[in-house]
Amino acid sequence: MAMFLKQRSFKNNLFVSIGGIFILFALCFGGYQYHREKRFKIDILHSRLQMYNYEMMQSLGSEKITERAPFMEYVQKHNLHGLRITIIDTTGRVLQESNSNAPDSLGNHLQRVEIAAALKSGSGYDIMRRSAYTNETYFYSATRFGNIIVRSAVPYSIELTESLTADNSYIYYAILLTLLLVLALYYNTSRVARHIGYLKEFARKAEEGQELDHELERQLPDDELGDISHTIISLYWKQQHSEREKNRIKRQLTQNMAHELKTPAYSIHGYLESILEHPDMDPERRQHFLERCYVQSERMSKLLVDMAALTKLDDMEEDAKTTGGLWRKRDQESPVNINSLIGEVLEDTDLQLQEKGIKVSTLLPDDILIYGDSSLLYSIFRNIIDNSIAYATGATEIKIECREAEDSFGKRVYHFAISDNGIGVDPKNMLHLFERFYRTDKGRSRKLGGTGLGLAIVKNAAAAHGGKAWAEPTPGGGLTIRFSLTKE
């Protein structure tokens, strides 16, 4: 019962909030429409009186309009019921008045609303102002012609009031439509509340660890809201099934990291322990142990650096999933010249390349520019070159090639290929090369100082720049690492 009341409360809150906004909008729109229609009718009356002013000025001219006889003759000839015509100069002095033979006694009209507007913009009007002379209420319309202002006025009678009143019939239609929409809104909010009630019951059972069945799914309707509810429940089941797999992968990753760090740590500990326990050790042997400590510390340092790089990429991936954008962050991006970056990598690895007798050839377009994170882009090329130097046994050449293309989404991308002519990789291991801590020959890899993270960094860094990475056998023998990077 309590849950039912809560569901009803949610429905009522949703109904009142949305319905209140809609009714407020309807009232505002109705008021605006009423004012707009009334203003439209006033503009029509003002335009008609303006036409009368123009016709009078055109017929009499600026000289005759100030003479009493021609002025009164025109007014009587074009007489309208209750119409008053007043001729005023730009100082506000009344020159002619159709209802008075003594215009000088009418006072100065310079401060009248319609006169001030006519002096400023050429025409103006005033609504429902009582005349001090006739003690009646008029609608005034004034037009300026040079130094003369012609003002016409009609009494604000019952007929005029009715003609200027906005038609209220549309209000009744608006009210009827509003009621229909409120009923439709009530029906739909009730359905939404019912569906949320089903999901709430499902969530409560899941939180309390109760046995879950598919009964709630069968209660959901076969429409869009039901599809959304089905999707949410399906995602829950998928999450439940994948949670164990996720935990297994985490445990395996933790075990691999601990194992990889344990090996150099134990080696360093053993060498240092031997040195401390044998202070009279032969200097040459001591030097050898210290050198081995240094090598193992270098390996541990590289492992930590690679792990930090992967952690950074994982964080960027999580941010991308949250924001729906690319992995990399805009504040870390800048235009990167890949030609210069490859030159830096080859310069940094020149000594190792010479020791292995490997020559590097490049086939690159001029000025390859990619907007991205320079440190991540450097790590892609450096890790692939280091991998070739360390594991491409018998290799004498490394080729770096690039071509520009267009992907399936119409984006411009650069396709890179870095190949060697070494012993290559067994096809069964090809798909696992980019997995973390994966080694085709674990013993040999550790002896060579590898961390097992290099190609994993390559894969994730390429993905962070809108691309992907994969491996292929080099024709004639060897391994080729291919990857793409989005140009823009």
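Attention in this report is confined to the structure presented alongside it.

What counts as what
- Residues numbered from 1 in each chain as written.
- Predicted model: local features only at pLDDT ≥ 70, side-chain atom pairs only at ≥ 80, totals over all residues.
- Heavy atoms only, no water.
- Buried < 20%, exposed > 50% of the residue type's maximum accessible area, 1.4 Å probe, protein only.
- Helix = DSSP H or I, 4+ residues; strand = E, 2+ residues; numbered from the N terminus.
- Patch = residues over 30% accessible without salt bridge, like charges linked within 9 Å, V, L, I, M, F, W, Y side chains within 5 Å.
- Areas by Shrake-Rupley, 256 points an atom, 1.4 Å probe, with all protein chains shown as cover.
- Salt bridge = Lys/Arg side-chain N within 4 Å of Asp/Glu carboxyl O.
- Lys, Arg positive; Asp, Glu negative; His and termini not counted.
- Charge placed at Lys NZ, Arg CZ, Asp CG, Glu CD.
- Pairing = 2+ DSSP bridges.
- Axes fitted to C-alpha atoms, helices over the stretch in contact; angles between N-to-C directions.
- Core = buried A, V, L, I, M, F, W, Y, C linked by side-chain atoms within 4.5 Å.
- Contact = heavy atoms within 4.5 Å.
- Arc of directions from axis to C-beta.
- Polar contact = N/O pair within 3.5 Å; in protein donor to acceptor, adjacent residues only side chain to side chain.

### Overview of helix H14 (residues 454-464)
Buried residues dominate H14, accounting for 9 of its 11 residues. One or two residues past the end of H14 sits glycine 466, with phi positive at roughly 75°.

### Topic: a negative patch on the surface
The grouping of Glu344, Glu347, Asp348 and Asp350 at the surface amounts to a negative patch. When residues in the negative patch are grouped by element, the largest group, 3 residues, is from helix H9 (residues 338-348).

### Digging into the sheet that holds strand S11 (residues 469-473)
The mixed open sheet is built from 5 strands, whose spatial order is S7-S9-S10-S12-S11. Lying at the two open borders of the sheet, with one neighbouring strand each, are strand S7 (359-363) and S11. Mean inter-strand twist for the sheet, computed between neighbouring axes without regard to direction, equals 20°. Both strand S10 (residues 412-420) and strand S12 (residues 479-486) contribute to a ladder of 7 bridges, which runs antiparallel. When the sheet's bridge partners are listed, alanine 417 is paired in S12 with arginine 482.

### Some details on the nonpolar core
Counting residues in hydrophobic clusters, the biggest one holds 37 residues, and the most contacted among them are Ile338, Ile380, Phe381, Phe416 and Phe483. Of all the secondary structure elements, the ones that give two or more residues to this core are H9, helix H11 (374-391), strand S9 (397-406), S10, H14, S11 and S12. The dominant element in this core, judged by the number of residues it contributes, is H11, at 7 residues. Excluding residues within four positions of it along the chain, phenylalanine 483 makes contact with Ile380, Phe381, Ile384, Tyr414, His415, Phe416, Ile418, Lys468, Ala469 and Trp470. Judged by nonpolar contacts, the second largest core, of 21 residues, contains Ile42, Phe71, Phe139 and Val150.

### Here we look at H9
For H9, the set of buried residues is Ile338, Leu341, Ile342 and Val345. When H9 is viewed along its axis, its buried side chains cluster within an angular range of 100° and face the same direction. Those residues of H9 that are buried lie in contact with strand S6 (334-337), strand S8 (369-372), H11, S9 and S10. Where H9 starts, the residue carrying a side-chain oxygen 3.0 Å from the main-chain nitrogen of asparagine 339 turns out to be asparagine 337.

### Description of the environment of lysine 64
Its location among the elements puts lysine 64 in helix H1 (residues 2-64). A relative accessible area of 47% means that lysine 64 is categorised as partly exposed.

### Notes on the pairing of strand S5 (residues 148-155)
One face of the sheet, then the other: side chains in a regular strand alternate in exactly this way. The buried fraction of S5 is high, at 8 of 8 residues. Burial along S5 is two-sided: the face carrying Ile148, Val150, Ser152 and Val154 and the face carrying Ile149, Arg151, Ala153 and Pro155 are both buried. Sheet topology places strand S1 (residues 84-89) next to S5; 6 bridges connect them, and they run antiparallel. Bridge pairing in S5 places aspartate 89 opposite isoleucine 148. Bridge count between strand S4 (residues 137-145) and S5: 8 bridges; the pairing is antiparallel. Each bridged residue has a counterpart across the sheet, and for phenylalanine 139 the counterpart in S5 is valine 154. Linking two consecutive strands that pair antiparallel, namely S4 and S5, is a turn of 2 residues; a positive phi of about 70° is found at glycine 146 within it.

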